[in-house]
Amino acid sequence: MIRSEFYYSLLDKLSIVAITDRQGKIVYANDKFCEISKYSKEELIGSSHQIVNSGYHPTSFFKELWETISSGELWRGEIRNKAKDGSIYWVDTFIIPEMDESHKIQNYYSIRIDITKRKQQEFELLRRKEELEEIALMQSHQVRRPVANILGLIDLFEYQKLSDHNASIYDMLKRSINELEGSIKDIVEKAE
């Protein structure tokens, strides 16, 4: 059987860990928390997690967090924090209330994993997606104009007496241009 000290040691080495009292004051911060936040243990102990608040999340985000953990429930979410040097970091966070025998909360255990790289990749993918949508929209507008001109020219032939062969070519051309115009409209609608 593995001793619980082993689990604590392993968790402490692999995760960003903090323990706060009921009021949210930090009573323990591990080395990983100091490393990512760039604050010393002395600066963190006695402070609240407000010290790393980046201002990214609305007040309602933290209100919901506190309502959840104050009711004795586990809370999990992604939080964007700001280190002492101003750099931003993201953490996947679990906050677990510790209760005594009478079910009164004694402390909150915050266990976090650095997800900064993943979040940067997500934001980069989103940025690229938006760029591609913008390019698709511009291209569709550039293609739309000539298609409208071609449709106008084709319509000139609609009232002309055409041979059966030319009428067949006209119908195929008109159908193809209408399909192209429909495809362009779809692209524009999806991009907008």
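Here the structure is a predicted model, which is why all the values come from computation and not from measurement.

Trainee: Go over the confidence of the model for the protein, please, and point to the residues and values.
Mentor: Taken residue by residue, the protein gives an average pLDDT of 87. The fraction at 70 or more is 94%. The secondary structure element of the protein with the lowest average pLDDT is helix α1 (residues 4–14), at 75, and the one with the highest is strand β3 (residues 75–82), at 98.

Trainee: Pulling in residues and values, what's your account of the pattern of salt bridges?
Mentor: Summed over the entire model, instances satisfying the criterion amount to twelve salt bridges. A network of salt bridges, in which partner residues are shared, links E78, R118, K119 and E122.

Trainee: Summarise a nonpolar patch on the surface; cite the residues concerned and give the values.
Mentor: Together, F6, Y7, L10 and L14 give the surface a local cluster of nonpolar side chains, amounting to about 430 Å² of exposed area. Positionally, L10 belongs in helix α1. Using a relative accessible area of 36% as the deciding quantity, one classes L10 as partly exposed.

Trainee: Give a detailed account of the pairing of strand β4 (residues 88–99), specifying residues and quantitative values.
Mentor: One ladder, built from eight bridges, connects β3 with β4; its direction is antiparallel. Bridge pairing in β4 links G77 to T93. Counting the residues that bridge the hairpin from β4 to strand β5 (residues 105–114) gives five residues, and of these H103 lies at a positive phi of roughly 65 degrees.

Trainee: Any chance you could break down the sheet that holds strand β2 (residues 26–29) for me, citing the residues and the numbers?
Mentor: Here five strands make up an open sheet; going across it, the order is β2-β1-β5-β4-β3 and the pairing antiparallel. Unpaired on one side and paired on the other, β2 and β3 mark the two borders of the sheet. Neighbour-to-neighbour, the strand axes of the sheet open up by a mean angle of 30 degrees, direction not taken into account. Packing of helix α4 (residues 59–70) onto the sheet brings it into contact with β3, β4 and β5, and relative to β3 it is tilted by some 140 degrees.

About the thresholds
Residues take numbers from 1 onward in each chain, read along the sequence in its written order. Local features are withheld for residues below a pLDDT of 70 in this predicted model, meaning they are given only at 70 or higher, and side-chain atom pairs are given and counted only at 80 or more; totals for whole chains, interfaces and linings count all residues. Just so you know, side-chain values use all the structure's heavy atoms and leave hydrogens and water out. Per-residue confidence from the predictor is given as pLDDT, running between 0 and 100. Runs of E in the DSSP output that reach at least two residues are strands. Runs of H or I that reach at least four are helices, and both are numbered from the N terminus. What counts as a salt bridge is simple: a side-chain nitrogen of Lys or Arg found within 4 Å of a carboxyl oxygen of Asp or Glu. Like charges within 9 Å and nonpolar side chains (Val, Leu, Ile, Met, Phe, Trp, Tyr) within 5 Å are joined into patches, using only residues over 30% in relative accessible area that form no salt bridge. Each accessible area is a Shrake-Rupley result for a 1.4 Å probe, and residues are judged covered by the shown protein chains and nothing else. The classification of residues rests on relative accessible area computed with a 1.4 Å probe and restricted to protein chains. Under 20% of the type maximum is buried, over 50% is exposed, and intermediate values are partly exposed. By definition, two strands form a pair when at least two bridges between them are found by DSSP. Think of each axis as a best-fit line through the C-alpha atoms, taken over the contacting stretch in the case of a helix, with angles from 0 to 180 degrees between the N-to-C directions. Contacts are assigned to residue pairs that have any heavy atoms within 4.5 Å of one another.

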